[in-house]
Amino acid sequence: MMGVFQRLGQWALGMFQRLGRGHLFLLRVLSQVPMAVLDFRLLVQQLYFVGVLSLMIIAVSALAVGMVLGLQGYNTLVDFGAEASLGPMVALSLVRELGPVLTALLVAGRAGSALTAEIGLMRVTEQLPSMEMMAVDPFRRVIAPRFVAGVLSMPLLAAVFSAVGILGGYFVGVGLLGVDTGAFWSQMQAKVGFEEDIINGVVKSIVFGVAVTWIAVFEGYDAAPTTEGVSRATTRTVVHSAFAVLGLDFILTALMFGGN
Amino acid sequence: MDLDIPRGKITAIMGPSGTGKTTALNLIGGQIYPSAGDVLVDGLSVPRLRRRELFALRKRMGMLFQSGALFSDLNVYDNVAFPLREHTDLPEPMIRDLVLMKLEAVGLRGARELRPNQLSGGMSRRVALARAIALDPMMMMYDEPFTGQDPITVGVLMKLIRQLNDSLGMTSIIVSHDVQEVCAISDYIYLIADGQVMASGTPDELGRDASEWVQQFMQGKPDGPAAFHFPAEDIALDLLGEAR
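Residues numbered from 1 in each chain as written. Chains lettered and ligands numbered in written order. Predicted model: local features only at pLDDT ≥ 70, side-chain atom pairs only at ≥ 80, totals over all residues.

A.B. asks: Help me understand the overall build of chain A in this model?
C.D. replies: Tallying secondary structure elements over chain A gives nine helices and zero strands in all. Walking chain A from its N terminus toward its C terminus, one meets helices and strands in the order α-α-α-α-α-α-α-α-α. Taken along its principal axes, the extent of the C-alpha atoms in chain A is 65 × 55 × 30 Å. (Helix = DSSP H or I, 4+ residues; strand = E, 2+ residues; numbered from the N terminus.)

A.B. asks: Can you walk me through the sheet that holds strand E5 (residues 139–143) of chain B in this structure?
C.D. replies: Either a parallel or an antiparallel arrangement is found when strands of a sheet pair, and the pairing is made through backbone hydrogen bonds. Residues and elements named next belong to chain B. Reading across from one edge, E4-E5-E6-E1-E7-E8 is the order of the six strands in this open sheet, with mixed pairing throughout. The strands lining the two open edges of the sheet, one partner per strand, are strand E4 (61–64) and strand E8 (196–201). The sheet shows a mean angle of 15° between the axes of neighbouring strands, direction not considered. Looking at chain direction, strand E1 (residues 10–14) and strand E6 (residues 171–176) are connected through five bridges and run parallel. Pairing of Thr11 across the sheet is with Ile173, part of E6. (Pairing = 2+ DSSP bridges. Axes fitted to C-alpha atoms, helices over the stretch in contact; angles between N-to-C directions.)

A.B. asks: Looking at this structure, how should I read helix H5 (residues 121–132) of chain B?
C.D. replies: An α-helical turn contains 3.6 residues, so a residue and the one three or four places further along point in the same direction. All names here are of chain B. For H5, with 12 residues, the first-to-last C-alpha span of 16 Å sits near the 16 Å given by 1.5 Å per residue. Here H5 lies mainly inside the structure; 10 of its 12 residues are buried. Buried within H5 are the following residues: Met123, Ser124, Arg125, Arg126, Val127, Ala128, Leu129, Ala130, Arg131 and Ala132. Structurally, H5 contributes buried residues whose contacts are with E4, helix H3 (76–87), helix H4 (92–105), E5 and helix H6 (151–168). (Expected span 1.5 Å × (residues − 1). Buried ≥ 20, exposed ≤ 12 C-beta atoms within 10 Å, placed from the backbone. Contact = placed C-beta atoms within 7 Å.)

A.B. asks: Can you help me understand the interface of chain B and chain A in this one?
C.D. replies: Often the size quoted for an interface is simply the accessible area lost on bringing the parts together. Each side of the interface is counted separately: chain B has 13 residues, and chain A has 10 residues. Only helix H2 (51–58) and H3 of chain B provide two or more residues apiece to the side of chain B that touches chain A. The greatest single-element share of the side of chain B that touches chain A, amounting to three residues, is contributed by H3 of chain B. Within the side of chain B that touches chain A, the residues separate by chemical class into six nonpolar, four polar and three charged. (Nonpolar A, V, L, I, M, F, W, Y, C, P; charged D, E, K, R; others polar.)

A.B. asks: What's the story with the pairing of E4 of chain B in this structure? I'm lost.
C.D. replies: Residues in a regular strand project their side chains so that they alternate between the two faces of the sheet. Residues and elements named next belong to chain B. Both faces of E4 are covered, namely the face carrying Met61 and Met63 and the face carrying Gly62 and Leu64. Two elements, E4 and E5, share four bridges in a ladder whose sense is parallel. When the sheet's bridge partners are listed, Met61 is paired in E5 with Met139.

A.B. asks: Could you clarify how one ought to interpret the nonpolar core in this entry?
C.D. replies: One broad trend across soluble globular proteins is that nonpolar side chains are buried collectively. One finds Val212 and Val217 of chain A together with Ala130 and Leu191 of chain B to be the most contacted residues of the largest nonpolar core, which totals 115 residues. Beyond its immediate chain neighbours, meaning those up to four positions away, Leu191 of chain B contacts Met14, Gly15, Met198, Ala199, Ser200, Leu206, Val214 and Phe217 of chain B. (Core = buried A, V, L, I, M, F, W, Y, C linked by C-beta atoms within 7 Å.)

A.B. asks: I'm lost on the packing of helix H8 (residues 194–222) of chain A against helix H9 (residues 227–257) of chain A in this one. Help?
C.D. replies: When two helices pack together, their arrangement is given by the angle between the helix axes and by the axis-to-axis distance. All names here are of chain A. Relative orientation of the contacting elements H8 and H9 amounts to 155°, with a least axis distance of 9 Å. In terms of axis orientation, H8 runs roughly antiparallel to H9. In this structure, H8 meets H9 at a crossing whose hand is right-handed. Residues Asn200, Lys204, Val207, Phe208, Ala211, Val212, Ile215, Ala216, Glu219 and Gly220 of H8 pack against Ala233, Arg236, Thr237, His240, Ser241, Ala244, Val245, Leu248, Asp249, Leu252 and Met256 of H9. When its residues are assigned to classes, the contact of H8 with H9 shows 12 nonpolar, five polar and four charged. (Parallel < 35°, antiparallel > 145°, perpendicular 65-115°, else oblique. Left-handed = near helix turned anticlockwise from the far one by under 90°.)

Dropping the structure here:
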């Protein structure tokens with residue numbers, strides 16, 4: 001019985017230690033953010049890696065999600081003779097929820113895991129210690145540019161996701177199922193609010209961007225410098241990011257839309 | 001453990017694997033902190049330095065890592081140019097001249113366009129050496145520079161370490177367990193084991209040392225005071241353990 005409590009205590013202590021390390025790590029990253037923004041060349045490199053290279057998976061996924069939303073939405077709405085509301089239904093689903101959440105999950109899987117593996121391997125191959133020995137702070141040169149790129153990319157990718165998703169819904173609803181084009185767009189324009197829906201969606205994706213990129217760069221930096229350590233860290237990035245995004249989404253949704 | 005590294009000389013720290021040779025280098029470079037004691041470099045106490053002061057000191061130190069530790073996203077030229085671009089405001093044409101001179105010193109001027117994954121192990125270490133001396137440091141630390149290298153590369157590295165030390169007036173510290181190579185280029189050697197200095201002296205002095213342990217290490221004898229076996233219970237008891 002004591003053994004169980006001992007293990008539980010060890011697990012809890014380890015978790016709180018990691019949590020503490022993670023927050024100290026974030027403070028160090030934030031202190032280097034201004035320098036990372038000023039080093040434009042490095043930032044553009046990372047924006048390309050995190051943002052541009054994620055575009056394909058974001059666009060393809062968004063198209064599929066939008067088409068499914070169009071199909072399912074039409075099947076439900078047509079029973080009530082409300083198929084003209086397909087436009088706002090697809091748009092609100094994407095802008096408020098699916099755009100930010102699915103983009104964050106996809107970015108965690110593609111770019112987040114790659115960031116963790118890259119930084120972890122830089123530790124394994126002694127690139128980070130050698131940088132330190134050359135009096136160059138890895139937080140300024142390696143970590144902060146990746147963090148800023150992740151945070152900046154997320155809302156942009158979420159916007160692309162929502163836009164392409166709406167086009168997918170339009171293609172199925174209007175193109176295949178015969179919903180009126182004018183009704184689709186005009187209802188969407190009337191029902192989707194800029195501040196309430198668009199801005200809240202952007203705020204969500206920025207929060208997800210911070211969470212996912214923080215987890216990714218921290219896991220890479222904190223990984224045990226072995227092959228197994230990097231492998232475990234990469235897995236943790238995807239799993240922890242997914243939990244963080246879904247948990248934060250509930251909290252943010254409750255705060256933004258809970259009273260309505 | 002008390003080590004004194006003389007200026008302008010090549011000092012080697014040798015000992016069996018796992019005795020803390022690389023840890024000693026990490027302590028000197030301020031990558032880890034001692035739980036007790038002090039590390040003085042050029043009169044400065046490394047553990048007591050603030051981060052900014054430590055980085056200022058590190059600009060005057062170079063370290064050759066065991067793996068080379070070249071940046072995999074940069075080619076040979078940019079790897080060597082990295083410390084110059086980070087720490088100086090030199091114009092790019094001057095950086096180019098300096099990089100080519102450093103690469104010429106290690107015989108790899110012609111390989112400047114290659115990526116780290118196109119280099120052999122020996123070439124990687126030579127590029128890393130060129131990068132480490134880019135800022136003309138007062139002190140160079142070499143972590144196992146000869147491990148896993150073919151005889152020709154070992155010869156090239158030995159010649160380079162000696163030449164660089166003498167021509168640039170550096171202080172060099174080599175951590176290694178390659179006895180012959182280290183004896184050939186070192187001015188002074190510390191033999192460490194179990195957290196203490198077992199012997200020290202010039203290569204010739206250590207060759208004549210009366211200690212059985214020193215002779216076992218210097219001549220690579222399997223039998224002697226340094227046990228081959230990791231501590232364990234009697235083999236008969238271990239093998240019969242399940243039968244009992």
